[in-house]
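Listed below are the residues making up each chain.
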Amino acid sequence: MKQQLKSTVRDKRQWGWRIFIYAVGIIILALGVTLNTKTGLGVSPLISVPYSIASINNLNVGNITFIYYCLVTGLELLIAGKKRRWIDLLQIPFSVVFTRFMNLFSGILDFTLQHFWQQLMVLTFAVILTGIGVSMSVNMRLIPNPCDGFVHLAGELSGKNMGLVKNIFDICNVGITFIIGILGGQFLVGIGLGTIITMLAVGRIVAVFNSLTKSKMETLAGLKL
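Draft legend 1. Spotlight on the pattern of salt bridges. In total, this model carries three salt bridges according to the counting rule given. A salt bridge links Glu218 to Arg141; the nearest nitrogen and oxygen atoms lie 3.0 Å apart. Taken as a pair, Glu218 in helix H8 (residues 193–220) and Arg141 in the loop between helix H5 (116–139) and helix H6 (146–158) lie far apart in primary sequence, 77 residues in all. Here Asp170 makes a salt bridge to Lys166, at a shortest N to O gap of 3.5 Å. Linking Asp170 with Lys166, this pair stays in helix H7 (residues 162–183), spanning four residues, or about one helical turn. Per residue, the accessibility class of Asp170 equals that of Lys166, and both read buried. Sharing partners across several salt bridges, the network here consists of Asp148, Lys166 and Asp170.

Draft legend 2. Spotlight on the packing of H5 against H8. Remark: H5 packs on H8, axes separated minimally by 7 Å, with the N-to-C direction vectors making an angle of 45 degrees. Classified by the angle their axes make, H5 and H8 are oblique. Between H5 and H8 the crossing geometry is right-handed. Every residue of H8 that contacts H5 at Phe116, Leu123, Val127, Ile128, Thr130, Gly131, Ile132, Val134, Ser135, Met136 and Asn139 is listed here: Leu193, Gly194, Ile197, Thr198, Ala201, Val202, Ile205, Val206, Phe209, Asn210, Lys214 and Met217. Of the residues in the contact of H5 with H8, the class split is 15 nonpolar, seven polar and one charged.

Draft legend 3. Examining the side chain of Thr65 more closely. Counting through the fold element by element, Thr65 comes out in helix H3 (residues 61–80). Classification of Thr65 as buried rests on a relative accessible area of 0%. There is a polar contact of 2.7 Å between the side chain of Thr65 and the backbone oxygen of Val61. Excluding its chain neighbours within four sequence positions, the residues that come into contact with Thr65 are Ile47, Pro50, Thr99 and Met102.

Draft legend 4. Representation of the side chain of Asn139 within the structure. In this structure, Asn139 sits in helix H5. When its relative accessible area of 5% is taken as the criterion, Asn139 is described as buried. Looking at Asn139, its side chain comes within polar contact range of the side chain of Asn210, at 2.7 Å. With near-sequence residues (within four places) excluded, Asn139 lies in contact with Asn210, Lys214, Met217 and Leu223.

Draft legend 5. Layout of the nonpolar core. With 43 residues, the main nonpolar core has Tyr68, Tyr69, Phe98, Met136 and Cys147 as its most contacted residues. Secondary structure elements with two or more residues in this core: helix H1 (2–38), helix H2 (45–57), H3, helix H4 (91–108), H5, H6, H7 and H8. Setting aside its immediate chain neighbours within four residues, Tyr68 contacts Leu46, Val49, Pro50, Cys147, Phe169 and Asn173.

Draft legend 6. Here's a closer look at unusual backbone geometry. The phi dihedral of Asn58 is positive, around 55 degrees, even though this residue is not glycine. Counting through the fold element by element, Asn58 comes out in the loop between H2 and H3. Accessibility expressed as a relative area gives 71% for Asn58, which makes it exposed. Backbone geometry at Arg141 places phi at a positive 55 degrees, although glycine is not the residue there.

Draft legend 7. The arrangement of H3 in detail. In this model, H3 (20 residues) spans 28 Å end to end at C-alpha, consistent with the 28 Å of a helix rising 1.5 Å per residue. Listing the buried residues of H3 in full gives Gly62, Ile64, Thr65, Tyr68, Tyr69, Val72, Thr73, Glu76, Leu77 and Ala80. In this structure, the buried residues of H3 make contact with H2, H4, H6 and H7. Of the residues that open H3, the one with a side-chain oxygen 2.9 Å from the backbone nitrogen of Gly62 is Asn60. One or two steps after H3, the chain reaches Gly81, where phi turns positive at roughly 60 degrees.

Thresholds applied
Residues numbered from 1 in each chain as written. Predicted model: local features only at pLDDT ≥ 70, side-chain atom pairs only at ≥ 80, totals over all residues. Heavy atoms only, no water. Salt bridge = Lys/Arg side-chain N within 4 Å of Asp/Glu carboxyl O. Helix = DSSP H or I, 4+ residues; strand = E, 2+ residues; numbered from the N terminus. Buried < 20%, exposed > 50% of the residue type's maximum accessible area, 1.4 Å probe, protein only. Axes fitted to C-alpha atoms, helices over the stretch in contact; angles between N-to-C directions. Parallel < 35°, antiparallel > 145°, perpendicular 65-115°, else oblique. Left-handed = near helix turned anticlockwise from the far one by under 90°. Contact = heavy atoms within 4.5 Å. Nonpolar A, V, L, I, M, F, W, Y, C, P; charged D, E, K, R; others polar. Polar contact = N/O pair within 3.5 Å; in protein donor to acceptor, adjacent residues only side chain to side chain. Core = buried A, V, L, I, M, F, W, Y, C linked by side-chain atoms within 4.5 Å. Expected span 1.5 Å × (residues − 1).

In structure tokens, the structure reads:
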């Protein structure tokens, strides 16, 4: 009985850590993505496609991002084949919450950066936060950001590490954004120095952060013995 009680307490503690790490990761990710848009150096590849569509058509970025995430979730389920988990459909309501956080942070962080050094400083924070947020949320194996869920699936199917696949996915996003900008008559809409740096750096941040903390996080959350 005592052993069973200890096991129950341990399981509850581990689930508590798992939910806590996941929730903090999601908030950090939303903050990082929003900060990226505030630099004036282009937006994060994570939202570059919906951002370009919203900008060209004068639409709400959060709402278009939600639609984009729904499409990515559908593509993820299609590619997963027999490995698909219908629980991944919860990425759609997740998208509602995540994009609302983006709108919230966008309203709170109401500032304009006047100097290039300020833009680079904020961009550095944005890139680091985005990478950490991706790592924390995905490693808890709950409901990831749809784009990161797609990256995780692609990594599993290809046998490549998540950092590398994240880099490739971001490059594809920027390429699609470039094409949308050309077709929409707004050259390089949403794409700037910050987009390129984020595209190249976030995957590396994920890889480094995972190498330093993934094992510890999984142990706390009961995902690793």
